[in-house]
Amino acid sequence: MNIKTDIAILGAGPAGLSAAYHLKGESLLIEKEDRVGGLARSKEIRGFVFDYAGHIFFTQDKYAFKLFKKLLKNNINFRNRDAWVYSKNIYTRYPFQANTYGLPKDVIMDCIIGLINATLRQAQDNGNGRMPRHFEEWMDATFGEGIVKHFMKPYNQKVWAFPLNKMTYEWIADRVMMPDVKEVIEGAVESRKVEFGPNSTFAYPLKGGSQAFADSFIPYLKRTEILLNSEVVALDLKEKVITVKSGVGSRESGVRNKREIEYEKVISSLPLPQLISLCNKVPKNVKKAAEELEFTSVYCVNLGINHPEITEKNWIYYPEKNVIFQRLFVQSNASPYVVPKGKSSITAEISYSKFKRIGKEGLIERVIDDLVRIKFIKKASDIVVSDLLDIKYGYIIFEKGRKRKVDIIHRFLRENDIIPIGRFGEWEYYNMDHSILSGKMGAEESLLLDK
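Predicted, not measured: the structure shown is a model, and the values here were computed from it. (Residues numbered from 1 in each chain as written. Predicted model: local features only at pLDDT ≥ 70, side-chain atom pairs only at ≥ 80, totals over all residues. Heavy atoms only, no water.)

### Quick look at the overall build of the protein
Threshold: Helical segments are the DSSP runs of H or I of at least four residues, strand segments are the runs of E of at least two, and each set is numbered from the N terminus. With the radius of gyration taken over C-alpha atoms, the globule rule is written as 2.2 Å times the number of residues to the power 0.38. Under the scheme applied here, a residue whose accessible area is under 20% of the maximum for its type counts as buried, over 50% as exposed, and between as partly exposed, the area being computed with a 1.4 Å probe on protein chains only.
Counting its regular elements, the protein contains 12 helices and 18 strands. Whereas a compact globule of 451 residues would reach a radius of gyration of roughly 22 Å, the protein reaches 23 Å, a difference of no more than 12%. For the C-alpha atoms alone, the extent of the protein along its principal axes is close to 70 × 60 × 40 Å. The 451 residues of the protein split such that 57% are buried.

So this is what it looks like as structure tokens:
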């Protein structure tokens, strides 16, 4: 039986949920998984609640903050960020560039002298009008040889899994602290906590993990029908028909569990390459642009630890190659209710791509071995629960030509009454608050299309 709807929303992550929340009329929300949340959903294993990719909430936008509090009500835990870097067998405070105290003397000198030289060169280059050509040059020009060598380059190579000299740097904004010489020297002679960035204070659901935030939208979606376990397999742009395969993950197969949905407009948070591959009669230049978009995939190794309060830290960054993961998120420090009593939990994040190939086989064991070797845990038997998530679309890459390609795709989509939203629909470096606001703007744009 066919379904008819004015607006079909593809993907029930934060952006899709926000779009449904902000729409004034009826809509249909289509989600492949068995619950809403997208990459902000959670899973429970033997009393441990693990998030997909360790999402927290922070924002400088008053509306997004007000909405977050409205949805979660009293189920919010506010925390001050406690982030660290582990290198040279030493923990230093984050951000690295302002906190080298405790590192070997030669490393500290490299960082200070490098920044002084970079500052002098930058003054000269600005006078000549010369700008860095790519992200790698930007790092050298901004931080100098020492900071780049000991943290910025190795860490960014791990997290982006993409050649840094092929990346642009317009995504930086307020995400990376730009140090001056005075700050670096102060951070070299004493340990101090530097509050930097919008996530110096963050919020997290007190109970239920990030899934609780996703679920908190549902009571407000009175005029939205939610189709779970429903995968979009085709999108006919001319006839305005979406083909959905229902019962994803069930034993049923074939034509019986397919249905067609007639729509007037689509709001989509699906990754652009995936969305374009579902559409029929796509011009060659649009298809080519979508196929050329670059992204990084991420493994998340979730571990339950048989020890209370394994550390007081929230995040730890690992720039060195001898540690397989680039970051640990200590989820049990975001809320005490995501673990059984007397336990802790962490998520190890490992990026991979065609430039950095890493297989699943033995990955959990390798992460545990590294944790023992760097003395984060005492022994492998301390791990009582383990789980591996494979997230295909982890980070978008700001490579040269990205904006031109995205503009080509977006123009084509809007010409066909499809509004892209969210990190992977807009193809931007969005956090959860940006995705929520993107969904709101997508809902508002869909109303303007009627005029």
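Having put the structure on the table, let's press on.
### Quick notes on the environment of Gly394
Filter applied, for reference: A contact between two residues is defined here by any heavy atoms of the two lying within 4.5 Å.
Inspection of the secondary structure assignment puts Gly394 in strand β17 (residues 383-396). Between the alpha carbons of Gly394 and Arg423 there is a distance of 9.8 Å; along the sequence they are 29 residues apart. When neighbours within four sequence positions are excluded, Gly394 is seen to be in contact with Thr296, Ser297, Val298, Arg423 and Phe424.

### Notes on the nonpolar core
So the rule is basically this: Take the buried residues of types Ala, Val, Leu, Ile, Met, Phe, Trp, Tyr and Cys, join any two whose side-chain atoms come within 4.5 Å, and each joined set is a nonpolar core.
Grouped together as the largest cluster of nonpolar side chains are 86 residues, with contacts concentrated most on Leu10, Ile30, Phe135, Trp160, Leu235, Ile242 and Ile409. By residue number, the principal contributor to this core is helix α4 (residues 135-160), which donates 11 residues. Core analysis: the next-biggest nonpolar cluster, separate from the first, contains 32 residues, Ala12, Ala19, Leu221 and Ala443 among them.

### Overview of unusual backbone geometry
The omega angle of the peptide bond from Tyr94 to Pro95 is 5°, so this bond is cis rather than trans. With respect to the element layout, Pro95 can be found in the loop between β7 (90-93) and α3 (105-128). In this structure, Arg46 takes a positive phi of about 50° despite not being glycine. Mapped onto the elements of the fold, Arg46 is located in the loop between β3 (42-45) and β4 (48-51). Phi at Lys73 is positive, roughly 55°, even though this residue is not glycine. Here Lys73 falls in the exposed class, since its relative accessible area comes to 52%.

### What to know about the pairing of β3
Condition: Any two strands are treated as partners once DSSP identifies two or more bridges connecting them.
Where β3 and β4 come together, four bridges link them in antiparallel fashion. Directly across from Glu44, in β4, lies its bridge partner Val49. What sits between β3 and β4 in their antiparallel hairpin is a turn of two residues, with Arg46 showing a positive phi close to 50°.

### Some points on α4
Convention followed: Under the convention used throughout, the expected extent of a helix is 1.5 Å for every residue step, that is, one less than its residue count. Working definition for bend: take the seven residues up to and ending at a residue and the seven starting at it, fit an axis to each, and measure the angle between the axes.
Along its 26 residues, α4 runs just 11 Å from first to last C-alpha, ending more than 12% under the 38 Å computed at 1.5 Å per residue. The largest bend in α4 amounts to roughly 115° and is located at Gly144. Phi turns positive one or two residues past the end of α4, at Ala161, with a value near 50°.

### Some thoughts on the pattern of salt bridges
The following threshold applies: Here a salt bridge means any side-chain nitrogen of Lys or Arg lying within 4 Å of a carboxyl oxygen belonging to Asp or Glu.
Following the criterion strictly, the structure yields 22 salt bridges and no others. Residue Asp417 is joined to Lys240 by a salt bridge in which the shortest nitrogen-to-oxygen separation is 2.5 Å. Here Asp417 is found in the loop between α10 (402-415) and β18 (418-420), whereas its partner Lys240 is found in the loop between β10 (230-236) and β11 (241-246), with 177 residues between them in sequence. Across the pair Glu399 and Lys405 runs a salt bridge, and its minimum N-O distance is 3.2 Å. For the residue pair Glu399 and Lys405, the accessibility class agrees, reading buried in each case. Each of the salt bridges in this network shares a partner with another, and the network as a whole consists of Lys288, Glu292, Glu399 and Lys405.

### Remarks on the confidence of the model for the protein
Operational definition: pLDDT measures the predictor's confidence residue by residue and takes values from 0 up to 100.
Taken residue by residue, the protein gives an average pLDDT of 92. The fraction at 70 or more is 94%. Below pLDDT 50 for its whole length, residues 249-255 participates in one contact with residues either more than four positions away or in separate chains.

### Concerning the packing of aromatic side chains
Stated formally: Stacked, tilted and edge-to-face pairs are distinguished by plane angle, under 30 degrees for stacked and over 60 for edge-to-face with tilted covering the rest, among Phe, Tyr and Trp rings (Trp via its six-membered ring) whose centres lie within 6.5 Å. For a ring to carry a charge above it, either NZ of a lysine or CZ of an arginine must fall within 6 Å of the ring centroid while also lying within 35 degrees of the normal to the ring plane.
Enumeration according to the criterion identifies 32 aromatic pairs in this entry. Seen in terms of ring centroids, Phe57 and Phe68 are 3.9 Å apart; in terms of plane orientation they differ by 5°. Their pairing is stacked. Separated by 11 residues along the polypeptide, Phe57 in the loop between β4 and α2 (62-72) and Phe68 in helix α2 bring together distant segments of the chain. Phe68 shares its class with Phe57; the two are buried. Their ring planes at 80° and their centres at 5.6 Å tell us that Trp138 and Phe143 sit as a pair that is edge-to-face. Phe143 gets classed as buried once you look at its relative accessible area, which sits at 0%. Among the aromatic residues, those joined into a cluster by ring pairs are Phe135, Trp138, Phe143, Trp160, Tyr169, Trp171, Tyr395 and Tyr429. Just above the ring of Tyr91 sits the side chain of Lys313; from NZ or CZ to the centre is 4.6 Å.

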